Amino acid sequence: MNQEDYAPEEAYEADGGDGDDAEATRREADDTESSRASRGWWDRNADEYQSEHGAFLGDDRFVWGPEGLDEAEAGLLGPAASLKNKDVLEIGAGAAQCSRWLAAQGARPVALDLSHRQLQHALRIGDDVPLVEADAGRLPFRDGSFDLACSAYGAVPFVADPVNVMREVRRVLRPGGRWVFSVTHPIRWAFPDEPGPEGLSVAASYFDRTPYVEQDEQGRAVYVEHHRTLGDRVRDVVAGGFRLVDLVEPEWPAWNTQEWGGWSPLRGNLIPGTAVFVCERD
């Protein structure tokens, strides 16, 4: 199999990568290179992403992934009524749709994202949520600042050191705080990133943790995504100081007929596309 034949699920993002000149490969990428690539990629692609997927995400919905699992129904952060007066940090917030939903429940959310352009879209929609531009691996908050933290396909798939992110989240949470995050289901890395039948045949080793990288002609990464097996993700959670209380694998609902990159009703009815980790800080 050639490297160009394989692409992972590209973390719930806009299609097309960085352009026709980007070369797809599998190679190592450290935290600094990954962070720089993510900031640049999302700044360049935020407009397309919000244009293509904004209607599905809404301005003030909390959706955990392409399946359409809604926090209003799932209650993974707790019952909606319990969110009132809670300090909540959303990591990888994009246009802060989830934070707006939290604010509507009476919570006090802060929306953090690495991408300046994504946060500009948050301001375009409304200025009712505090916005912070920062790296998830270096959270600019005091210890114990939040009751809850959440991330819907934000940050975690794009960092080389997920345990550091877990430890940072734990640091800013108060004792008993809950941390819920969603990522591409790890099994998807064994399959081509295609919504049709061609995306149902195993094309790579599930156990190959080599990052997926798109790079320019000079070999500089313009997009990086890191693969972890399901067991790796659980160990990362524990190493970060959390207790895993639930692992949700949303099933594809009958009402959702859309295709989103490699996510589709065909694949969603056969193999999981999203994993949601529900964690608590003791």
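Computed from a prediction, not measured in an experiment: that's the story for all the values here. (Residues numbered from 1 in each chain as written. Predicted model: local features only at pLDDT ≥ 70, side-chain atom pairs only at ≥ 80, totals over all residues. Heavy atoms only, no water.)

## Describing the overall build of the protein chain
Link 1 in the chain: Looking only at helices and strands, the protein chain has 7 helices and 10 strands in total.
Link 2 in the chain: Its C-alpha atoms give the protein chain a radius of gyration of 18 Å, near enough to 19 Å, the size a compact globule of 282 residues would have.
Link 3 in the chain: Taken along its principal axes, the extent of the C-alpha atoms in the protein chain is 50 × 40 × 40 Å.
Link 4 in the chain: When the 282 residues of the protein chain are sorted by exposure, 58% land in the buried category.
Link 5 in the chain: Taking as baseline every contact in the protein chain between residues at least 6 positions apart, the subset at least 24 positions apart corresponds to 73%. (Helix = DSSP H or I, 4+ residues; strand = E, 2+ residues; numbered from the N terminus. Rg over C-alpha atoms; globule rule 2.2 N^0.38 Å. Buried < 20%, exposed > 50% of the residue type's maximum accessible area, 1.4 Å probe, protein only. Contact = heavy atoms within 4.5 Å.)

## Here's the deal with the environment of T210
Link 1 in the chain: Structurally, T210 can be placed in the loop between β6 (173-184) and β7 (212-215).
Link 2 in the chain: Along the backbone, T210 and L77 are 133 residues apart, and their C-alpha atoms lie at a distance of 32 Å.
Link 3 in the chain: For T210, the residues in contact, after removing those within four places along its chain, are R26, R27, E28 and W189.
Link 4 in the chain: Only 2.7 Å separates the side chain of T210 from the side chain of D208, close enough to count as a polar contact. (Polar contact = N/O pair within 3.5 Å; in protein donor to acceptor, adjacent residues only side chain to side chain.)

## What to know about the sheet that holds β7
Link 1 in the chain: Taken in spatial order, the 3 strands line up as β1-β7-β8 in an open sheet, and their pairing is antiparallel. Edge strands, defined here as strands with exactly one partner in the open sheet, are β1 (23-26) and β8 (221-225). Taken over all neighbouring pairs, the strand axes of this sheet differ in orientation by 20° on average, direction set aside.
Link 2 in the chain: Relative to β8, β7 runs antiparallel, the two being bridged by 4 bridges. (Pairing = 2+ DSSP bridges. Axes fitted to C-alpha atoms, helices over the stretch in contact; angles between N-to-C directions.)

## Thoughts on helix α1 (residues 31-57)
Side chains three or four residues apart in an α-helix point the same way, a direct result of the helix having 3.6 residues per turn.
Link 1 in the chain: For α1, spanning 27 residues, the distance from its first C-alpha to its last is only 29 Å, which falls clearly below the expected 39 Å at 1.5 Å a residue.
Link 2 in the chain: The largest bend along α1 reaches roughly 55° and is located at N45.
Link 3 in the chain: A positive backbone phi angle near 70° is found at G58, which sits one or two residues after α1. (Expected span 1.5 Å × (residues − 1). Bend = angle between axes of the 7 residues up to and from the residue.)

## A few points about the packing of aromatic side chains
Link 1 in the chain: For the coordinates displayed, the defined rule picks out 15 aromatic pairs.
Link 2 in the chain: Residues Y153 and W263 carry aromatic rings whose centres are separated by 5.9 Å and whose planes lie at 75° to one another, so their mutual orientation is edge-to-face. Within this pair, whereas Y153 is found in the loop between β5 (146-152) and α5 (162-172), its partner W263 is found in the loop between β9 (242-248) and α7 (265-268), the two being separated by 110 residues in sequence.
Link 3 in the chain: Take Y153: its relative accessible area is 5%, and that puts it in the buried class.
Link 4 in the chain: Counting every residue linked through ring pairs, the aromatic cluster contains W41, W42, Y49, F56, F158, Y212, Y223 and W260. (Phe/Tyr/Trp six-rings, centres within 6.5 Å; stacked < 30°, edge-to-face > 60°.)

## Some thoughts on the side chain of S264
Link 1 in the chain: Along the chain, the position of S264 falls in the loop between β9 and α7.
Link 2 in the chain: From its side chain, S264 meets the backbone nitrogen of R267 in a polar contact 3.3 Å long.
Link 3 in the chain: If near-sequence neighbours (up to four positions away) are discounted, S264 is found in contact with P195, W252, Q258 and E259.

## Overview of the sheet that holds β6
Link 1 in the chain: Ordered in space as β4-β3-β2-β5-β6-β10-β9, the 7 strands form an open sheet in which the pairing is mixed. Every interior strand has two partners, whereas the edge strands, β4 (131-133) and β9, have only one. Pairwise comparison of adjacent strand axes, ignoring direction, gives a mean angle of 20° for this sheet.
Link 2 in the chain: Relative to strand β3 (residues 108-113), strand β2 (residues 87-91) runs parallel, the two sharing 5 bridges. In the sheet register, E90 faces β3, and the bridge partner there is A111.

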